[in-house]
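Single-letter residue listing:
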Number of protein chains: 2
Amino acid sequence: MKKYSDMSKEELLTLKAQLDKEYADIKAKGLALDMSRGKPSADQLDLSMGLMNVLSSDSDLKCETGVDCRNYGVIDGIPEAKRLLGEMSEVDPDHIIIYGNSSLNVMFDSIARSMTQGVMGNTPWCKLDKVKFLCPVPGYDRHFKITEFFGIEMINVPMTPQGPDMDMVEKLVSEDASIKGIWCVPKYSNPQGYTYSAETVERFAHLKPAAPDFRIYWDNAYSIHHLYDDNQDFLVEILEACAKAGNPDLVYKFTSTSKVSFPGSGIAAVAASKANLEDFRSYMQIQTIGHDKLNQLRHVKFFKNIDGLHEHMRKHAAILRPKFEMVLNTLDRELGGLGIGEWTKPHGGYFISFDSMEGCAKAIVAKAKEAGVVLTGAGATYPYGKDPKDSNIRIAPSFPTPEDLGKAAEVFVLCVKLTSVEKLLATVR
Amino acid sequence: MKKYSDMSKEELLTLKAQLDKEYADIKAKGLALDMSRGKPSADQLDLSMGLMNVLSSDSDLKCETGVDCRNYGVIDGIPEAKRLLGEMSEVDPDHIIIYGNSSLNVMFDSIARSMTQGVMGNTPWCKLDKVKFLCPVPGYDRHFKITEFFGIEMINVPMTPQGPDMDMVEKLVSEDASIKGIWCVPKYSNPQGYTYSAETVERFAHLKPAAPDFRIYWDNAYSIHHLYDDNQDFLVEILEACAKAGNPDLVYKFTSTSKVSFPGSGIAAVAASKANLEDFRSYMQIQTIGHDKLNQLRHVKFFKNIDGLHEHMRKHAAILRPKFEMVLNTLDRELGGLGIGEWTKPHGGYFISFDSMEGCAKAIVAKAKEAGVVLTGAGATYPYGKDPKDSNIRIAPSFPTPEDLGKAAEVFVLCVKLTSVEKLLATVR
């Protein structure tokens, strides 16, 4: 393979003519494919259909403390659900609150609470002139949208395969008391699939923030979402690390079963120090009379314990793995050695992160759309939708059928090639 | 019956001696009864057990627009759920958003949104020096707790059998731009069971608030919760009334199935003008990826339509009616003509409101507790828990078994008598 950047103008023009023809042929097919969304496929959802039968009109719907789960009561979760999501979070059930169907909602509410009530007695953020958050980039667009919505200034922190640039995090957090938090997806990160190293977690646990109300928003969305049985990432448990470092209140840890059972019909949890949980409870006691305990019971009866969860996730992996491998093989085969893109090879999670040549991502996404393939919008992985290099694209292989995914991947690599040639031609003489 | 206030000191002392003995006898029984909570009884919950079987692992879990309810998507509710709760709310489905398991949560979030984002482009309340809410009293403690939590100043407005004192509401709302809302339970109100008259609704619809971001919080919690088939209250539909009055954006209307199906495992809705709904959506689009659509589907398949809901509510009524009648008969028989208390006789809802002689409510509740009967805390029906006359007590007949309820009602009337005698003795010479 010859690198595109080593090609002469004539070679590039010849290549472009050939790619233009391929692109025209593919456009003529009138495809309508979607590789944009981190959604499970129908096959994956079928794995959890047993949840629909686990409670019936004959069931005893009391939780283990005898409370009737059909009625009001038990604001912070039934004990067996705390145990299940505690195991999933590697945290003692005493440090768990069970919420409704969405951990994103809990994160949003945590920011909302900090705005109007303040964190553990500190000044409400809405009374401050300036509030800032650190955002490892590329990252999860829905996180960034929350902080943007509340007018919180976001500061980009580069990601590495070991996690965020911790020199930068430590410096900023210790110097600037207006920095109140950092968004983290520490395992199989969105979109790169990176897992924070043990050293990174330790450095997080030992942070010395200038702001007493600084919190790490640790969104452990993919904690058990492995693709391989024999090639898994391991993440040091942060709550214990923080406690050992003398910083027990430093972190909020979020999790949910959204991509374990049914997105939107799962259960969510937060794990934190008891002092932090009191803060959460002070809000939820006013906000609601309680979350859906029947759905908590449904999940406990279906999954039983952490072994049940792991067994279930292996079935997800069996469906997801070939899809990831198909996309990765296509990228390797079609783009390897061309010098026009780099991509991650995650061991779990929902995404592959692709970096094109600078200034090409928007054009690639637009070209793919023109050919009938929807990708996550370029820039979405950055705060305010602004990727300074215009190079990152998030690939989500989970939702399409394998057949559709194969077609979509072919369109994608073609669009990368064509855009890259056009970019190079615009600069060579 | 001789009125207590007409009794001589000697008569009162004789009576007290007799009541003291009865009280000692009842205390000796070691009762443990609860008449405090507006919770359905286990019998009532049994009525909805069919909900547990309505979806199964063989079910088609698509909504009528073909969306897979197991996956992400459809942020504001599946169409059939909008139709069902639209019928329940007497509002077109286009004016409905379906939420999660709790309408209280939606009200809380509406206040939270107004605090940080403002209402339809107006200044966020957290940026204002003073924000006030009108609170018809007695009213629902959980409403008052929300406004208290956000530091909103609450102003008492007296309730009448036709609704809040509208002269006062009109005057305050038109004169004071810091008044941003009013809490209403317009039908079978909590705790009195009053239903706002047609004139009251019309006057609400024609309010001319000084604040452009004033909203009526219309918590229609008991819209279909009748006790009698042939003696029902009717409430004029407020959304249409507001639109006709040229005030389409004046009201947020809330409802839920919490006391229709399962408390905590039902579905909630808000009905409002399209401009208001856009405001709600702007928040929820950032807050969550969507609510539990499977539970929406479950409710639609079980209740089908408004006729199914009404039929179901008749079964609730058959259980609740004898309980209300037992308490009311006991009050009539034991307290009628004594001049030591007044009470409401609602046609629906969950509560009976009792007004003791001034300065007696706390003592009655304390005495009942000493005898093993938990009542709603005195003062709970007023903002800040402060009943200026110390006279209102909310009676909740729904949860205990008929047998327990009978005992609890006997304890209650005895405590009212004893407290009243003591109060009178403290003032007579």
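Analysis parameters
- Sequence order sets the numbering: in each chain, residues are counted from 1 along the sequence as written.
- Lettering for chains starts from A, numbering for ligands starts from 1, and both go in the order in which the items are written.
- Given that this is a predicted model, residues contribute local features only at a pLDDT of at least 70 and side-chain atom pairs are listed and counted only at 80 or more, while totals for whole chains, interfaces and linings are drawn from all residues.
- Values reported for side chains reflect all heavy atoms of the structure, with hydrogen atoms and water molecules removed beforehand.
- The numbering of helices and of strands both runs from the N terminus, where a helix is a DSSP run of H or I of at least 4 residues and a strand a run of E of at least 2.
- Classification of residues uses two cut-offs on accessible area relative to the type maximum, computed with a 1.4 Å probe and protein chains only: under 20% is buried, over 50% is exposed, and between them is partly exposed.
- Just so you know, the count uses Lys and Arg for positive and Asp and Glu for negative, and it drops His and the chain ends.
- A charged residue contributes its charge at one atom only: NZ of Lys, CZ of Arg, CG of Asp or CD of Glu.
- What makes two residues a contact is simply this: any of their non-hydrogen atoms within 4.5 Å.
- Here the quantity called buried area is the total loss of accessible area, with a 1.4 Å probe, experienced by two parts when brought into contact, counted for both.
- The rule for a salt bridge is simple: a side-chain nitrogen of Lys or Arg has to be within 4 Å of a carboxyl oxygen of Asp or Glu.
- Any pair of nitrogen or oxygen atoms within 3.5 Å is treated as a polar contact; in protein, a donor-acceptor pairing is required on top of that, and neighbouring residues in sequence qualify only through side-chain atoms on both sides.
- Ten residues, namely Ala, Val, Leu, Ile, Met, Phe, Trp, Tyr, Cys and Pro, are considered nonpolar, four, namely Asp, Glu, Lys and Arg, are considered charged, and the remaining ones, Gly among them, are considered polar.
- C-alpha atoms of residues with pLDDT of at least 70 in both copies form the basis for the least-squares superposition of the copies.
- Pairs were defined over the aromatic rings of Phe, Tyr and Trp, the Trp ring being its six-membered one, requiring ring centres within 6.5 Å. Orientation was assigned from the angle between planes: stacked under 30 degrees, edge-to-face over 60, tilted for the rest.
- Only when the NZ of Lys or the CZ of Arg is both within 6 Å of the ring centre and within 35 degrees of the ring normal is a charge said to sit over the ring.
- We define the nonpolar core as a collection of buried residues of types Ala, Val, Leu, Ile, Met, Phe, Trp, Tyr and Cys that are connected through side-chain atoms lying within 4.5 Å of one another.
- Strands qualify as paired when DSSP identifies two bridges or more between them.
- For helices, the axis comes from a line fit to the C-alpha atoms of the stretch in contact; other axes are also lines fit to C-alpha atoms, and the angle between any two N-to-C directions lies between 0 and 180 degrees.
- For each domain, the first and last residues come from an automatic or database assignment.

Chain A goes by Aminotransferase in an unreviewed UniProt entry, where it is assigned to Blautia wexlerae.

> When you look at the overall build of chain A in this model, what are you seeing that I'm missing?
When its secondary structure is counted, chain A shows 13 helices and 13 strands. Viewed in the frame of its principal axes, chain A has a C-alpha envelope of about 75 × 55 × 35 Å. Buried residues in chain A amount to 61% of all 429 residues. Side-chain charges of chain A comprise 50 positive and 57 negative groups, with the mean position of each set lying 4 Å from the other.

> Would you mind going over the interface of chain B and chain A with me for this structure?
Interface size, as often reported, equals the accessible area lost upon joining of the parts. Contact residues are listed per partner, giving 59 residues for chain B and 59 residues for chain A. Taken over both partners, the interface formed by chain B and chain A buries close to 5,000 Å², and the fraction arising from carbon and sulfur atoms is 53%. Area buried by chain B at its contact with chain A is led by R70(B), Y72(B) and I286(B), which between them contribute 16% of it. Note that R70(B) and D46(A) form a salt bridge whose closest N and O atoms lie 2.7 Å from each other. Put simply, chain B and chain A have 24 residue pairs in polar contact (both at pLDDT 80 or more) between them. If you list the elements that add at least two residues to the side of chain B that touches chain A, you get α2 (42–46), α4 (103–116), α5 (141–149), α9 (274–287) and α10 (293–303) of chain B. The greatest single-element share of the side of chain B that touches chain A, amounting to seven residues, is contributed by α4(B). In terms of residue class, the side of chain B that touches chain A is made up of 25 nonpolar, 21 polar and 13 charged.

> Sorry if this is basic, but what is going on with the relation of the copies chain B and chain A here?
What connects the two chain copies is a rotation about an axis and a shift along it. At an RMSD of 0.0 Å, chain B and chain A line up after a rotation of 180° and a shift of 0.0 Å along the axis. Taken together, the rotation angle and the small translation identify this as a two-fold axis.

> For this particular structure, what's the right way to read the packing of aromatic side chains?
How two aromatic rings sit relative to each other is given by the distance of their centres and the angle of their planes. Residue and element names in this part refer to chain A. Here the structure, examined in full by the defined rule, presents 40 aromatic pairs over all chains. Measuring from centroid to centroid gives 5.7 Å for F204 and W218, while their planes differ by 80°, and the two rings are edge-to-face. With F204 in helix α7 (residues 198–205) and W218 in strand β7 (residues 215–219), the pair connects residues that are 14 residues apart, well separated along the chain. For F204, a relative accessible area of 0% translates into the label buried. Overall, W218 belongs to the buried group, its relative accessible area being 0%. For K259, the ring lying beneath its charged end belongs to Y350, and the centroid distance is 5.3 Å.

> Would you mind going over the pattern of salt bridges with me for this structure?
For side chains bearing opposite charge, pairing can occur when the charged atoms are close. Scanning all chains against the criterion turns up 57 salt bridges over all chains. Here K132(A) makes a salt bridge to D176(A), at a shortest N to O gap of 2.7 Å. With a gap of 44 residues between them, K132(A) in strand β3 (residues 132–137) and D176(A) in the loop between α6 (166–175) and β6 (179–184) connect regions that are remote in the sequence. Put simply, E11(B) and K2(B) hold a salt bridge, and the shortest N to O gap is 3.0 Å.

> What exactly am I supposed to notice about the nonpolar core here?
Considering soluble globular proteins, one finds that nonpolar side chains tend to be buried as a cluster. Counting 70 residues, the largest nonpolar core has I111(A), I146(A), W183(A), I111(B), W125(B), I146(B) and W183(B) as its most contacted members. The residues contacting I111(B), other than those within four sequence positions of it, are W125(B), F133(B), I146(B), T147(B), F150(B), I152(B), W183(B) and Y217(B).

> Help me out: how do you make sense of the sheet that holds strand β4 (residues 153–160) of chain A in this one?
Either a parallel or an antiparallel arrangement is found when strands of a sheet pair, and the pairing is made through backbone hydrogen bonds. All names here are of chain A. Read across the open sheet, the eight strands follow the order β2-β9-β8-β7-β6-β3-β4-β5; overall the sheet is mixed. Whereas interior strands pair on both sides, the edge strands pair on one side only; in this sheet they are β2 (96–98) and β5 (163–164). Pairing of β6 with β7 involves four bridges; the strand directions are parallel. Residue W183 lies in a different strand from β7, and its bridge partner there is Y217. Across the face of the sheet, helix α5 (residues 141–149) comes into contact with β3, β4, β6 and β7 while running at roughly 160° to β6.

> Even after reading the chapter, I still don't get unusual backbone geometry, so can you show me in this structure?
A negative phi holds for most residues other than glycine; trans holds for most peptide bonds. Here the residue pair N190(A) and P191(A) is connected by a cis peptide bond, since its omega of 10° sits within 30 degrees of zero. Summarising the element assignment, P191(A) is placed in the loop between β6 and α7. In this model, V137(B) is joined to P138(B) through a cis peptide bond whose omega is -5°. Inspection of the secondary structure assignment puts P138(B) in the loop between β3 (132–137) and α5. Of note, the phi angle at D390(B) is positive, near 45°, even though the residue is not glycine. Tracing the chain through its elements places D390(B) in the loop between β12 (373–374) and β13 (392–395).

> Sorry if this is basic, but what is going on with the domain arrangement of chain A here?
Residues and elements named next belong to chain A. The domain architecture assigned to chain A consists of domain 1 (4–44 + 310–425) and domain 2 (61–304). Spacing between the C-alpha centres of domain 1 and domain 2 amounts to 31 Å. Opposite the 29 residues of domain 1 that make contact, domain 2 presents 32 residues. For the pair domain 1 and domain 2, the summed buried area comes to about 2,700 Å², and 62% of that belongs to carbon and sulfur atoms. There are one salt bridge connecting domain 1 and domain 2. With a shortest N-O distance of 3.9 Å, D229 and R314 are connected by a salt bridge. The interface formed by domain 1 and domain 2 holds twelve residue pairs in polar contact (both at pLDDT 80 or more) in total. At the level of elements, α11 (306–335), β11 (352–356) and β13 (392–395) are the ones that each hand at least two residues to the side of domain 1 that touches domain 2. Top contributing element to the side of domain 1 that touches domain 2 by residue count: α11, with ten residues.

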